[in-house]
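Architecture at a glance
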Amino acid sequence: AAPVRVVGAIDPRLERVDLGVHELRAVAQRVDARARELALLVEPRVQRRRGRVVVEQALQLLEAQRLVVDLRLEVAVAAGDRRSEGEVLNTRGISEISLGRVEEGRASLRRAIEIAGEDDDLWSMGGAYENLADALNLAGRTEEALETVKEGLAEVTGRGLRVPDWMLLTFSELTFEL
């Protein structure tokens, strides 16, 4: 019973999803394994110099956050919750690009766009395009960011969504920067 509560705590929507017993057990086992990994990561390690302790703790927290995001993605996929899968990929993509892993982040955000498009979730699709454009711009890839927001505007308006103000603002900002 405890693993089921852990899964529900990670994403309460899972309590409403009808997972088969075998899938739920498999997810619960993975949750338990990841929880043990996280416990090892967040144990404090005392170093001789304070600066090194701060840097090491920050790196441990980033790794722990990555594991949590990966776990949430795994749970969403196992539950067949495509909306949550897209949201997690969106979050992971922004984080990866912020940490300098631009191609990995770009791939995550592109997958979030793809999922939203397949499900006709235009608002999520626009948000993922927006986040990809913003993150690419922050990574110094302003021209690619502008092309991305143009693509996003065409895609969501072509499917009938009114142009979101935040996409227009990003378009304006990126055009001004170039």
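This is a predicted model, so every value here is computed, not measured. (Residues numbered from 1 in each chain as written. Predicted model: local features only at pLDDT ≥ 70, side-chain atom pairs only at ≥ 80, totals over all residues. Heavy atoms only, no water.)

1. Quick look at helix α5 (residues 102-118)
For clarity, the threshold we go by: Think of it this way: any DSSP run of H or I at least four residues long counts as a helix, any run of E at least two long counts as a strand, and we number them from the N terminus. Expected helix span is taken as 1.5 Å per residue step, with the number of steps being one fewer than the number of residues. Throughout, exposure labels follow a simple rule: accessible area from a 1.4 Å probe, protein chains only, divided by the maximum for the residue type, with under 20% read as buried, over 50% as exposed, and the rest as partly exposed. Contacts are residue-level and defined by heavy atoms, with any inter-residue pair within 4.5 Å sufficient.
The first and last C-alpha atoms of α5 sit 24 Å apart over 17 residues, in line with the 24 Å expected at 1.5 Å per residue. Turning to α5, its buried residues number three or more, namely V102, G105, S108, L109, A112, I113, I115, A116 and G117. Where the residues of α5 are buried, they touch α4 (82-98) and α6 (122-138). Of the residues trailing α5, D120 is marked for its positive phi of about 55 degrees.

2. Details of the side chain of N90
Positionally, N90 belongs in helix α4. When sequence neighbours within four positions are dropped, the list of residues in contact with N90 reads L109, A112, G127, A128 and N131.

3. Observations regarding unusual backbone geometry
A positive phi angle is found at D120, which is not glycine, with a value near 55 degrees. Assignment of secondary structure puts D120 in the loop between α5 and α6. Judged by its relative accessible area of 56%, D120 is exposed.

4. Quick word on the nonpolar core
Filter applied, for reference: The nonpolar core is taken to be a set of buried Ala, Val, Leu, Ile, Met, Phe, Trp, Tyr and Cys residues, with the residues joined through side-chain atoms within 4.5 Å.
Membership of the largest hydrophobic core comes to 26 residues, with the highest contact counts inside it found for I97, I113, M125, L132, V149, M167 and L174. Mapped onto this core, the elements with two or more residues apiece are α3 (50-79), α4, α5, α6, α7 (142-158) and α8 (165-177). Broken down by element, this core gets its largest block of residues, eight residues, from α6. For I97, the residues in contact, after removing those within four places along its chain, are V102, G105, R106, L109, L132, A135, L136 and A139.

5. What to know about α6
With 17 residues, α6 ought to run about 24 Å at 1.5 Å a step, and its terminal C-alpha atoms sit 24 Å apart, in line with that. With respect to burial, α6 is a largely interior element, twelve of its 17 residues being buried. Of the positions making up α6, those classed as buried are L122, M125, G126, G127, A128, Y129, E130, L132, A133, A135, L136 and N137. Those residues of α6 that are buried lie in contact with α4, α5, α7 and α8. Where α6 ends, the next residue or the one after it, G140, has phi of about 85 degrees, a positive value.

6. Regarding the pattern of salt bridges
For clarity, the threshold we go by: Any Lys or Arg side-chain nitrogen located within 4 Å of an Asp or Glu carboxyl oxygen qualifies as a salt bridge.
Applying the stated rule across the entire model yields 15 salt bridges. D70 is the partner of R92 in a salt bridge, and the nearest nitrogen-oxygen pair spans 3.2 Å. One end of the pair, R92, is in helix α4; the other, D70, is in helix α3, with 22 residues separating them in the sequence. You can call D70 buried: its relative accessible area is 17%. Linking R141 and E144 is a salt bridge whose minimum nitrogen-to-oxygen distance equals 2.7 Å. Note on R141: relative accessible area 26%, which makes it partly exposed. It is possible to trace a salt-bridge network through shared partners that takes in E103, R106, R141 and E144.

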